[in-house]
Amino acid sequence: MKIIEQKELGTPADVLTLKELPAQNPGAGEVKVKVLAAPIHPANLLQIAGQYATAPDLPSVPGGEGIGQVVALGDGVSHLQVGQHVFLAGVGGTWRDELIAPAAALIPAPPGDVEQLSMLAVNPLTAHLMLTQFADLNEGDWIIQSAANSAVGEMVIQLAALRGIKTVNVVRRESLLEDMKSLGGTVALVDGPDLVKDVAEATGGAPIKLAFDCVAGQTFERLAETLGYGGSIVSYGNLSGHLPQTNLMNLITKDVRLRGFWLAKWYETASAEDKQAALGTMVPLIASGKIKTKVDSRFSLEDIASAVTRAAASGREGKVLLMPR
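Undergrad: Looking at this structure, how should I read the pattern of salt bridges?
TA: Side chains that differ in sign of charge can pair as their charged atoms come close. Counting across every chain of the model gives 13 salt bridges. A salt bridge links Arg222 to Asp191; the nearest nitrogen and oxygen atoms lie 3.0 Å apart. One end of the pair, Arg222, is in helix α8 (residues 217–226); the other, Asp191, is in the loop between β10 (187–190) and α7 (195–203), with 31 residues separating them in the sequence. Like Asp191, Arg222 is buried. For Arg257, the salt bridge is made with Asp255, and the minimal N-O distance between the two is 2.7 Å.

Undergrad: How should the sheet that holds strand β9 (residues 166–171) be read in this particular structure?
TA: Across a sheet, paired strands are connected by hydrogen bonds in the backbone, their directions being either parallel or antiparallel. Strand order across the open sheet formed by six strands is β10-β9-β8-β11-β12-β13, with parallel pairing between neighbours. Either end of the sheet is taken by a strand with one partner, and the two such strands are β10 and β13 (257–260). Neighbour-to-neighbour, the strand axes of this sheet turn through a mean angle of 20°, independent of strand direction. Across the sheet, α7 lies against β8 (142–145), β9, β10 and β11 (208–213), angled at about 160° from β10, the strand it touches most.

Undergrad: Help me out: how do you make sense of the nonpolar core in this one?
TA: The tendency in soluble globular proteins is for nonpolar side chains to be buried side by side. Counting residues in hydrophobic clusters, the biggest one holds 40 residues, and the most contacted among them are Phe212 and Phe261. Listed by contribution, the elements that provide at least two residues to this core are β3 (30–40), α4 (123–133), α5 (151–163), β11, α10 (263–269) and α11 (272–287). Beyond its immediate sequence surroundings of up to four residues, Phe212 is in contact with Met130, Leu131, Ile143, Ile144, Gln145, Ser146, Val156, Leu223, Val234 and Tyr236. Judged by nonpolar contacts, the second largest core, of 31 residues, contains Val33, Val70, Leu80 and Ile304.

Undergrad: Mind showing me how you'd approach the packing of α4 against α11 here?
TA: Helix packing geometry: the angle between the two helix axes and the distance between the axes. Two elements in contact, α4 and α11, have axes separated by 10 Å at closest approach and are oriented at 120°. It follows from the interaxial angle that α4 and α11 lie oblique. For the pair α4 and α11, the crossing hand works out as right-handed. Along its contact with α4, which presents Pro124, Leu125, His128 and Leu129, the element α11 presents Ala278, Leu279, Thr281, Met282 and Ile286.

Undergrad: Any chance you could explain the pairing of strand β12 (residues 227–235) here in plain terms?
TA: Looking along a regular strand, one sees side chains alternate from face to face of the sheet. Judged from the five bridges that link them, β11 and β12 form a sheet pairing that is parallel. In the strand pairing of β12, Ile208 is matched with Leu227. Regarding topology, α8 serves as the crossover connection from β11 to the parallel β12, and that connection is right-handed. When β12 meets β13, the two strands line up parallel, connected through four bridges. Following the sheet pairing, Ser232 is matched in β13 by Arg257.

Rules used in this analysis
Residues numbered from 1 in each chain as written. Predicted model: local features only at pLDDT ≥ 70, side-chain atom pairs only at ≥ 80, totals over all residues. Heavy atoms only, no water. Salt bridge = Lys/Arg side-chain N within 4 Å of Asp/Glu carboxyl O. Helix = DSSP H or I, 4+ residues; strand = E, 2+ residues; numbered from the N terminus. Buried < 20%, exposed > 50% of the residue type's maximum accessible area, 1.4 Å probe, protein only. Pairing = 2+ DSSP bridges. Axes fitted to C-alpha atoms, helices over the stretch in contact; angles between N-to-C directions. Contact = heavy atoms within 4.5 Å. Core = buried A, V, L, I, M, F, W, Y, C linked by side-chain atoms within 4.5 Å. Parallel < 35°, antiparallel > 145°, perpendicular 65-115°, else oblique. Left-handed = near helix turned anticlockwise from the far one by under 90°. Right-handed = clockwise from strand over helix to strand, strands pointing away.

Below, the structure written as structure tokens:
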């Protein structure tokens, strides 16, 4: 069994190593799964470097989601079958070629593109939950988001388009504008000092009900200023590395609400029914190909240093996947 091991905090390419362990067999109530695909997310890299909200218990195996195939069943397991594909979200430590997990923690996956299904439980679910938990959005309503070319941002565009919700998609490079529109974005704009004016012109002054920001700094303030009365801005990241700036008078006079979203906390606090409902909404959309996440590149476990370096690089065209098999 091959695993990616982390023994210390630091630059991912420097502190991650490939390690081989003896093969294991599942015990009672457990399942042995071969990992088919596991994505590398920015949050993984931040946690490895010790810059995330929670630190890993070292030594550890990174990876928070993926998809695998059942290869052996322990005693008492009846709801899964050998050969069946399963989601690995919630299992932890998915950067490996096989794992032993409690059968109760594994959710059967439908037929479909294993690469797309391996990325379901983080970015698509984040986009879905932010679109449904912070405002009552109806067809024709406007929302705005920063880093619209991120995996979450592109998923927001696609999900909003399916519901007839209009999107203002803010990016940092003009070369990305056409990509945002081709995904179904209503408006695409380059961030900058004139963003508030540009948004008003592009939307005809329509009220914007909801903003999603993962950049912080001045971008946070500009997005908040585009909101209509009673609008909400949801912070879910900090790509700039700066504290979010705010215009206090804008918050007061327009009753703008500041919210935060952290998917890990949602998984911790959501009821089983809420989790099932969210996954039940997203799985058919991804399995059918109605919504997709771009894939930039694929790496073996042996190439982990190159994989995490690519995942951290600017200008990527999608997600980096680990393909252990």
